[in-house]
Amino acid sequence: MIHSRSKAINQTKLVLLQQRQCINYIPFQQKHTFTPKKPKPKPSTKPRRKQNPQNHKKIRKPKEPIPFVNDLKEIRDPDEALSLFHQYHQMGSKHSYPSYASLIYKLARARDFDAVETVLGYIQDFNIRCKETLFISLIQHYGKAHLVDKAIEVFNRMTSFDCVRTLQSFNSLLDILVDNDRVDDAKRMFDDADKMGFRPNLISFNVMIKGRLKKGEWEEASRVFDEMLEREVPPTVVTYNSLIGFLCRKGEMEKAKCLFEDMIKKGTYPNAVTYALLMEGLCFKGEYNEAKKMMFDMAYRGCKPQLVNFGVLMSDLGKRGKIEEAKSLLSEMKKRRYTPDVVTYNILINYLCKEDRAAEAYKVLTEMQIGGCKPNAATYRMMVDGFLRVEDFEGSLKVLNAMLTSWHCPRLETFSCLLVGLLKGGKVDDACFVLEEMEKRKMRFDLKAWEGLVTDACIGDGNAGGLVSELISAH
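Numbers given for residues are sequential positions, taken from 1 along each chain in its written order. Thresholds applied to this predicted model are a pLDDT of at least 70 for local features of residues and 80 or more for the giving and counting of side-chain atom pairs; totals over whole chains, interfaces and linings are not thresholded and use all residues. With hydrogens and water excluded, all non-hydrogen atoms of the structure serve as input to the side-chain values.

Caption draft 1: Structural detail: the overall build of the protein chain. Starting at the N terminus, helices and strands are each numbered in turn, a helix being any DSSP run of H or I of at least four residues and a strand any DSSP run of E of at least two. Counting its regular elements, the protein chain contains 25 helices and 0 strands. Residue exposure (1.4 Å probe, protein chains only): buried if accessible area is under 20% of the type maximum, exposed if over 50%, otherwise partly exposed. Counting across all 475 residues of the protein chain, residues that qualify as buried make up 42%. We get accessible surface area from the Shrake-Rupley algorithm with a probe of 1.4 Å; when it comes to residues, only the shown protein chains can shield them. A total of about 29300 Å² of accessible surface is found on the protein chain, and carbon and sulfur atoms cover 52% of it.

This is how it looks when you write it as structure tokens:
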């Protein structure tokens, strides 16, 4: 039955794609100037000093560009990247470490991990010595893809590539474990650090504190903090910010303020993030005016307000539906000669889209671009979803095109909503374009998602709905 349903859905997809015709996408001349010859200096009668060769620093020659790496930068499709690698090899080019590293970075960013493993095999076959930074990057990419076991495997395999593991790669894996809710595994690894030849440093302790707080384990986090002090690892403002932030989110403002005063007494001075966390706690308790007062008072304590502090106030206004006041605050920032960054603009765009004011949000997007601030992936995703909320599918498609041109990628749910809207509007060509872009990025719907997509697209068409039901129930 499942096979029949899959076959039916694939046939439906093929019909959609067939309705669209394939479209074929479309020396510096050196100037010679006359330089008069300088007269030769007269020979000096003074005895020459002996020159110390240590006083003359060797001037390093600039590295020659690697043709493969230059060509690789122009390629977006990971399959083409691997093909280019083989083409250079067939032409007799001997790939060195920079070529292998650049290719792996490209493939890992595209999450083509099968190809990554293939290239790692080539590295071992040709006995290419690798730097630790390559494996740290791989560990982080596997972590972002939630392939934690693969990240652990990479860490364990590093020595087989003649690469020495240091505390930096140890901390990277520790952070990946915590971010993927495997705090107990991180604890075991942290406890075995001495056996592995590592001595946990400030970053190690901060990661473990973050992990305990993420699980809501204040007592355990406090124990890690105490162990940190016992091992004479001095905490920094980042350490205190983790603890203060947790207390503020729990609404325990008195404890947070006590810890704030304690860190100052012990010689660790708060930064803008520390104040932002306290301001968030006040806003959470409905004390917006107190939070605003704290932002303007922090300068008297030697800490100038930063964009993050304005962002806290803007977010609170947005949550309470006070969009106009948030806009006024943005104008006030500019009057005070603050240059808003993409995070600041995203706060306003986010709440405008949630209020079904996508057209206004798009004006803010245009304004930020004119001001020289580039949108990031979050900006585009919010705008695409914002237009979808008001069923402006043409607007969504316009933003999607800009997003893809900027090398960002929407979520699978966004693709699905956009496809439904385009199909309902009879825009089959545009729907097929979206499907092709998904395929390029190896993003695919499962059977259940296809059923929902086709059914939603055919709502209101009695004949089409019956056909879909027949396809789904076919054996």
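Next comes the rest of the description.
Caption draft 2: Broad picture of the pattern of salt bridges. In the sections that follow, a salt bridge refers to a side-chain nitrogen of Lys or Arg positioned within 4 Å of a carboxyl oxygen of Asp or Glu. For the structure on display, the rule yields 32 salt bridges. For Lys215, the salt bridge is made with Asp184, and the minimal N-O distance between the two is 3.8 Å. In this pair, Lys215 is assigned in the loop between α10 (202-214) and α11 (218-230) and Asp184 in helix α9 (residues 183-191), connecting sequence segments 31 residues apart. Overlapping salt bridges, with partners in common, bring together Glu117, Lys150, Glu153 and Arg157 in one network.

Caption draft 3: A look at the packing of α9 against α10. Fitted lines through C-alpha atoms serve as axes, helices being fitted only where they are in contact, and the angles separating the N-to-C directions of these axes extend from 0 to 180 degrees. Remark: α9 packs on α10, axes separated minimally by 10 Å, with the N-to-C direction vectors making an angle of 150°. As far as their axial angle goes, α10 and α9 are roughly antiparallel. Note that α9 runs across α10; the crossing there is left-handed. For the pair α9 and α10, contact is made by Val183, Asp184, Ala186, Lys187 and Phe190 and by Ser204, Phe205, Met208, Gly211 and Arg212, respectively. Put simply, Ala, Val, Leu, Ile, Met, Phe, Trp, Tyr, Cys and Pro go in the nonpolar bin, Asp, Glu, Lys and Arg in the charged bin, and everything else, Gly too, in the polar bin. Across the contact of α9 with α10, the residue classes tally to 5 nonpolar, 2 polar and 3 charged. Orientation is classified from the angle alone, with under 35 degrees giving roughly parallel, over 145 giving roughly antiparallel, 65 to 115 giving roughly perpendicular, and any other angle giving oblique. Crossings are classed by handedness, with left-handed meaning an anticlockwise turn of the near helix from the far one by less than a right angle and right-handed meaning a clockwise turn. In what follows, residue pairs with any heavy atoms lying within 4.5 Å of each other are defined as contacts.

Caption draft 4: Looking closely at the packing of aromatic side chains. The pairing test for Phe, Tyr and Trp rings, Trp by its six-membered ring, is centres within 6.5 Å, and the orientation test on the planes gives stacked under 30 degrees, edge-to-face over 60, and tilted for anything in between. With the rule as written, the count across this model stands at 13 aromatic pairs. Seen from their ring centres, Phe68 and Tyr88 are 5.5 Å apart, and the 75° between their planes marks the pair as edge-to-face. Here Phe68, found in helix α2 (residues 67-72), pairs with Tyr88, found in helix α3 (residues 78-90); they are 20 residues apart in sequence, far enough to count as distant. Overall, the relative accessible area of 13% leaves Tyr88 in the buried class. Members of the aromatic cluster, each reached through a chain of ring pairs, are Phe68, Phe85, Tyr88, Tyr100 and Tyr122. Comment: the charge-over-ring label is applied if NZ (Lys) or CZ (Arg) is within 6 Å of the ring centre and within 35 degrees of the ring normal. The ring of Phe155 has Arg165 sitting right over it, with the charged end atom 4.4 Å from the ring centre.

Caption draft 5: Spatial organisation of the side chain of His95. The residue His95 is located in the loop between α3 and α4 (97-109) in this model. Any N or O atom pair separated by 3.5 Å or less is treated as a polar contact, with the protein-specific requirement of one donor-capable and one acceptor-capable atom, and with residues adjacent in sequence counted only for side-chain atom pairs. At 3.0 Å, the side chain of His95 forms a polar contact with the backbone oxygen of Phe85. Look past the residues within four positions of His95 in its chain and what remains in contact with it is Phe68, Phe85, Tyr88, His89, Tyr100 and Ile128.

Caption draft 6: How the structure looks around the packing of α10 against helix α12 (residues 237-249). In the contact formed by α10 and α12, the axes pass within 10 Å of each other and the chain directions differ by 5°. By the angle between their axes, α10 is roughly parallel relative to α12. Taking contact as the criterion, the partners of Leu202, Asn206, Ile209 and Leu213 in α10 are, on α12, Val238, Thr239, Ser242, Leu243 and Phe246. Split by residue class, the contact of α10 with α12 holds 6 nonpolar, 3 polar and no charged.

Caption draft 7: Fine view of helix α15 (residues 288-297). Among the residues of α15, Tyr288, Ala291, Met294 and Met295 are the ones counted as buried. Across the axial projection of α15, the buried residues extend over an arc of 120°, all falling on one side. Throughout, the arc means that of the directions going from the helix axis to the C-beta atoms.

Caption draft 8: Representation of the nonpolar core. In this structure, Leu103, Val116, Ile244, Ile349 and Val434 are the most contacted members of the largest nonpolar core, which totals 136 residues. Leave out the neighbours within four places in its chain, and Ile349 touches Ala361, Val364, Leu365, Met368, Thr379, Met382 and Met383. Nonpolar core, defined: a set of buried Ala, Val, Leu, Ile, Met, Phe, Trp, Tyr and Cys residues in which side-chain atoms within 4.5 Å join the residues together.

Caption draft 9: Spotlight on helix α5 (residues 113-125). Here a helix's expected span is defined as the number of its residues, less one, multiplied by 1.5 Å. Relative to the 18 Å expected for 13 residues at 1.5 Å per residue, α5 spans 18 Å between its end C-alpha atoms, a close match to the ideal helical length. Buried residues of α5: Phe113, Ala115, Val116, Val119, Leu120 and Ile123, and no others. End-on, the buried residues of α5 take up no more than an arc of 150°, which puts them together on one face. In α5, the exposed positions that point more than 90 degrees away from the buried face belong to Asp114 and Asp125. Those residues of α5 hidden inside the fold are in contact with α3, α4, α6 (132-144) and α7 (148-157). Of the residues trailing α5, Asn127 is marked for its positive phi of about 55°.

Caption draft 10: View of unusual backbone geometry. The phi dihedral of Asp162 is positive, around 60°, even though this residue is not glycine. Among the secondary structure elements, Asp162 is positioned in the loop between α7 and α8 (167-179). For Arg337, which is not a glycine, the phi torsion comes out positive at approximately 65°. Positionally, Arg337 belongs in the loop between α17 (323-335) and α18 (342-354). Overall, the relative accessible area of 78% leaves Arg337 in the exposed class.

Caption draft 11: Inspection of the environment of Ala358 at higher detail. Relative to the helices and strands, Ala358 is located in helix α19 (residues 358-370). For the pair formed by Ala358 and Phe387, sequence separation is 29 residues and the distance between their alpha carbons is 5.7 Å. Setting aside its immediate chain neighbours within four residues, Ala358 contacts Leu352, Met383, Gly386, Phe387 and Val390.

Caption draft 12: Up close: the confidence of the model for the protein chain. Confidence per residue, as judged by the predictor, is encoded in pLDDT with a range of 0 to 100. Taken over all residues, the pLDDT of the protein chain has a mean of 85, while the share at 70 or more is 83%. Looking across the protein chain, the model is least confident in helix α1 (residues 2-18), with a mean pLDDT of 46, and most confident in α8, with 98. Note that residues 1-39 has pLDDT below 50 and, in this model, 33 contacts with residues that lie over four places away or in other chains.

Caption draft 13: Expanded view of the side chain of Thr239. Checked against the element boundaries, Thr239 lands in helix α12. For Thr239, the residues in contact, after removing those within four places along its chain, are Leu202, Asn206, Ile209, Phe225 and Met228.

Caption draft 14: Just the environment of Lys106, in detail. Relative to the elements of secondary structure, Lys106 occurs in helix α4. Sequence separation between Lys106 and Leu72 is 34 residues, and the spatial gap between their C-alpha atoms is 8.4 Å. Each residue touching Lys106, except ones within four places of it in the same chain, is listed here: Leu72, Lys73, Ile75, Ala81 and Trp407. Here the side chain of Lys106 touches Ile75 through a polar contact of 2.6 Å, landing on its backbone oxygen.

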